[in-house]
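Fold and geometry: a report
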Amino acid sequence: MDLWQSIAADGFEQVLFIQDRPSGLKAVIAIHDTTLGAALGGCRFMHYDSEEEAVFDALRLAKGMTFKCAVSGLPYGGGKAVVIRPPGRSGEEAAFRALGRIINRLGGLYITGMDLGTTVREMDWIKSETDYVTDTTGSLGASGDFTAKMTAYGVYLGIRASLAKAFGSAELRGRTVAVQGLGKVGYFVCGYLHRKGASLLVSDLNDSLVGRAVKQFNAYAVGKDEIYQQACDVFCPCALGGIINESTVPLLRCRIVAGAANNQLAEQRHGDILHANGILYAPDYVINAGGIIVTAAEIAGRSADEARVQVSSIRRTLNGIYRYAESRGISSSEAADRLTRRRLCSVRHQP
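Worth saying up front: this structure is predicted, and the values here are computed from it rather than measured.

**What about the pairing of strand β7 (residues 176-180)?**
Regular strands have side chains that alternate between both faces of the sheet. Among the 5 residues that make up β7, 4 are buried, leaving the element largely enclosed by the rest of the structure. In the sheet, β7 pairs with strand β8 (residues 199-203) via 5 bridges, with the strands oriented parallel. For V179, the partnering residue across the bridge sits in β8 and is V202. Considered for its hand, the β-α-β crossover made up of β7, helix α6 (residues 184-195) and β8 is right-handed.

Take a look at the structure:
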């Protein structure tokens, strides 16, 4: 499918291709759906092998944000900014200030924040040109650790809800969880699970992180290509997207897939395949919504404690999806999509 077909098929409202010659900025802002409110989504700063790859990343992530906000009951839509990082170069103030001016021209249609490759520093640069930005100095989301902890906390609650659904008990003691990816969120997930008595299998490209997890959590190290075929109760992907695919599904020896990674299903049909194989799937945009819930709390002026309470609702949302799926004999991924589209449609058709 080519670019224009993707934009039309997925119902994007706007896609902005940005070049600012004085600063060298090259970026894409994708605004997927603002039915529920302004589009929320972070600013990603990465090197891409091609400009096309950067555009499709923005599209994929923006659509995911729409679904994440809608299923979480947030009054926001989905968007994403992707700033293309030239090889060997770090963020420059002029480029992010230019991005801020462009976001400001959108008049509140899109609100940005931190994402992969960006920090409070870049958000402060954007803030100097627009108020439509979160995660700036002194804000609730300024501590990346807090946002990551809340994302991990939501994943932890989702794992417990999934255990209760699959095994009749949310108890983690005696359960084995295979965690793929030990970045901030994945590492915090390990901490929550370890404290409740789970046995951990861990894998990451960074050997030092693996070694640290082995020492701190008494985890067992697994090679990056072997993590899929480990006998476990829960496979917890916390790294790349698209990892549930034709090659990996036959390897899985788990009862549950529940993790923090975005866009875990390479294609939507892979959720149905998991269901047919007797594997319970916690839809990624439900279980990993803790970060965007914190962002919404920041915009509303809520405290960290209030944000944590709101993140706790992920467990209730996931249980509702499991009940809906069971009552209709469909996969949990299909159930989540139906319920999300239902909310969007109901708002669109209000007088």
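**Side note on the layout of surface pockets**
Of the voids in this model, the second largest pocket is the one considered here, and its volume is about 240 Å³. Around the second largest pocket, the lining is made up of 15 residues, and of these K165, H275, L280, A325 and I330 lie nearest the centre. Secondary-structure elements contributing two or more residues to the lining of the second largest pocket are α5 (144-167), β12 (280-281) and α12 (313-328). Sort the elements by how many residues they give to the lining of the second largest pocket and α12 lands first, with 3 residues.

**What about the nonpolar core?**
Nonpolar side chains tend toward joint burial in soluble globular proteins. One finds I159, V179, L193, L200 and V202 to be the most contacted residues of the largest nonpolar core, which totals 64 residues. Considering every element that reaches this core, the biggest residue donor is α5, with 11 residues. Beyond its immediate stretch of four places on either side in the chain, L193 contacts Y156, I159, L172, V177, V179, A198 and L200. By size, the runner-up hydrophobic cluster in this structure holds 23 residues, among which are F96, A98, L106 and M123.

**Let's talk about unusual backbone geometry**
For D135, which is not glycine, the phi torsion reads 65° and is therefore positive. Structurally, D135 can be placed in the loop between α4 (120-127) and α5. A relative accessible area of 6% means that D135 is categorised as buried.

Reading the values: rules and limits
Residues numbered from 1 in each chain as written. Predicted model: local features only at pLDDT ≥ 70, side-chain atom pairs only at ≥ 80, totals over all residues. Heavy atoms only, no water. Buried < 20%, exposed > 50% of the residue type's maximum accessible area, 1.4 Å probe, protein only. Helix = DSSP H or I, 4+ residues; strand = E, 2+ residues; numbered from the N terminus. Pairing = 2+ DSSP bridges. Right-handed = clockwise from strand over helix to strand, strands pointing away. 1 Å grid on protein atoms, 1.4 Å probe; cavity = no way out; pocket = protein on both sides within 12 Å on 5 of 7 lines; lining within 4 Å. Points joined across faces, edges and corners; volume = space filled by probe spheres on them. Core = buried A, V, L, I, M, F, W, Y, C linked by side-chain atoms within 4.5 Å. Contact = heavy atoms within 4.5 Å.

These figures come from the coordinates and say nothing about function on their own.
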